[in-house]
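# Residue-level structure breakdown
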Amino acid sequence: MRRKMVAGNWKMHGTGASVDELTKSLKVIDFPVNIDVAVFPPSLYIGKVVEALRGTPVAVGAQNVARQPEQGALTGEIASSQLVDAGCTLVLVGHSERRQVLGESDGELCLKFAAAQQAGLVPVLCIGETLQQREAGETLAVVGQQLTSIIDALGIEVLKQAVIAYEPVWAIGTGLTATPEQAQEVHAAIRAQLAARNAEVAQGARLLYGGSVKAANAADLFSMPDIDGGLIGGASLNADEFGAICRAAGN
Ligand code: PGA
């Protein structure tokens, strides 16, 4: 049985004060013991969140990482080794906002994925199609290619110590959630793609769904056989809602 995971991506939201409020509320939540929970605060607040959540089951991750693991002359970037030093254990790689708005390429994401693992961080690789691609019937091809670029560059084995998040771009922040059946279809295809290379990796890989997950739809999504939890954006900024989503994953 794969252990489910619920991760909250706080994106570019919050102030020092609101982050304090949120962590205060998270601290008193009784998270199910049979799932993994993580939050991804803006990097500016990582230290504060690590401190506040120390002693809780909530892991802390970063939303982005530099393409080279070691420190050096790369203004504005944060090295994976620095994220580890700050207390992070995970990092998002390839979120669609970074692919689409900031133009991150598959090649660049391979470097970031490798840099993360080199420092001991677990990469959460985000993949997903746009609405236009879905309507053109290209969903599985697009998602397959995003995954292939990592496998071809780094090998299938790297996915043993990673998490994959399927996030249809059209469902992110739009209130439009993929139906459990739509999400399951893509998750099954991802697992089949992994299985074609390595059955053990496919069996163990945790595949999260992301895109307008909330307490009201989480249980149905998480009940699908290949959905191993969720990557939560907007709803993760509300501790009660996030807690309810975690409970749905624990059931
Ligand atoms: P959302 O974001 O839950 O607000 O749709 C999900 C994500 O971008 O990870």
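Figured I'd write up the structure that's included with this text. Since the structure is predicted, the reported quantities are computational estimates derived from the model, not experimental observations. (Residues numbered from 1 in each chain as written. Predicted model: local features only at pLDDT ≥ 70, side-chain atom pairs only at ≥ 80, totals over all residues. Heavy atoms only, no water.)

### Re the pattern of salt bridges
Definition in use: Basic side-chain nitrogens of Lys or Arg form a salt bridge, by our definition, when they fall within 4 Å of a carboxyl oxygen of Asp or Glu. When a residue's accessible area, from a 1.4 Å probe over protein chains only, is under 20% of the maximum for its type it is buried; when over 50% it is exposed; and in between it is partly exposed.
For the structure on display, the rule yields 16 salt bridges. Ionic pairing is found between Asp-106 and Arg-99, a salt bridge with its closest N-O pair at 2.8 Å. When its relative accessible area of 25% is taken as the criterion, Asp-106 is described as partly exposed. The partner of Glu-157 in a salt bridge is Lys-160, with the nearest N and O atoms 3.2 Å apart. Several salt bridges share partner residues, and in doing so they unite Arg-2, Arg-191, Asp-226 and Asp-228 into one network.

### With respect to the pairing of strand β5 (residues 122–127)
Just so we agree on the cut-off: Starting at the N terminus, helices and strands are each numbered in turn, a helix being any DSSP run of H or I of at least four residues and a strand any DSSP run of E of at least two. In short, DSSP must find at least two bridges between two strands for them to pair.
Burial of β5 is extensive: five of the six residues sit out of reach of the surface. The pairing of strand β4 (residues 90–93) with β5 spans four bridges and is classified as parallel. Counterpart to Leu-92 in the pairing with β5 is Val-124. Sheet analysis places β5 next to strand β6 (residues 163–166), joined by four bridges and oriented parallel. Of the residues in β6, the one forming a bridge with Ile-127 is Tyr-166.

### Some points on the site of the ligand
Basically, it comes down to this: We define proximity as follows: a residue is near a molecule or strand when any one of its heavy atoms falls within 4 Å of that partner. Two N or O atoms form a polar contact when they lie within 3.5 Å of each other; inside protein one atom must be a possible hydrogen donor and the other a possible acceptor, and for residues adjacent in sequence the pair counts only when both atoms belong to side chains. For every accessible area listed, the method is Shrake-Rupley and the probe measures 1.4 Å; residues are considered covered only by the protein chains on display.
Around the ligand there are 13 residues in total, and Lys-11, His-95, Glu-167, Gly-173 and Ser-212 lie nearest to it. Within the backbone of Gly-173, one N or O atom sits 2.6 Å away from an oxygen atom of the ligand. Separating an oxygen atom of the ligand from a backbone N or O atom of Ser-212 is a distance of 2.7 Å. Protein coverage of the free-state accessible area of the ligand, which is 280 Å², stands at 95%.

### Points about the state of the cysteines
What counts is decided by this rule: Cysteine sulfur pairs qualify as disulfides if the two atoms are within 2.5 Å.
Applying the stated criterion across every chain, the model contains zero disulfides. Not engaged in a disulfide, the cysteine Cys-88 finds its nearest cysteine sulfur in Cys-126; these two sulfurs lie 15 Å apart. Overall, the relative accessible area of 4% leaves Cys-88 in the buried class.

### Details of the packing of helix α5 (residues 106–118) against helix α7 (residues 139–154)
Heads up, the condition is: Axis geometry follows a simple rule: fit a line to the C-alpha atoms, using only the stretch in contact for helices, then measure angles between N-to-C directions, giving values from 0 to 180 degrees. These descriptions rest on fixed angle ranges, namely under 35 degrees for roughly parallel, over 145 for roughly antiparallel, 65 to 115 for roughly perpendicular, and the rest for oblique. The handedness criterion is simple: a crossing whose near helix is rotated anticlockwise from the far helix by less than a right angle is left-handed, and one whose near helix is rotated clockwise is right-handed. Any two residues having at least one pair of non-hydrogen atoms within 4.5 Å are treated as being in contact.
One can describe the packing of α5 onto α7 by two numbers: an axis separation of 10 Å at closest approach and a directional angle of 55°. Here α7 runs oblique to α5, going by the angle between their axes. Seen from above, α5 lies across α7 with right-handed handedness. Residues Asp-106, Leu-109, Cys-110, Phe-113 and Ala-114 of α5 pack against Gln-145, Gln-146, Ser-149, Ile-150, Ala-153 and Leu-154 of α7.

### Points about the packing of α7 against helix α8 (residues 180–197)
Basically, it comes down to this: Note on residue classes: Ala, Val, Leu, Ile, Met, Phe, Trp, Tyr, Cys and Pro are nonpolar, Asp, Glu, Lys and Arg are charged, and everything else, Gly too, is polar.
Across the interface, α7 lies against α8 with an axial gap of 10 Å and an inter-helix angle of 35°. Considering only the axes of α7 and α8, their crossing is right-handed. Listed contacts from α8 to Thr-139, Leu-140, Val-143, Gly-144, Leu-147, Thr-148, Ile-151 and Asp-152 of α7 are Glu-185, Val-186, Ala-189, Ile-190, Gln-193, Leu-194 and Arg-197. Grouping the amino acids of the contact of α7 with α8 by side-chain chemistry returns eight nonpolar, four polar and three charged.

These figures come from the coordinates and say nothing about function on their own.
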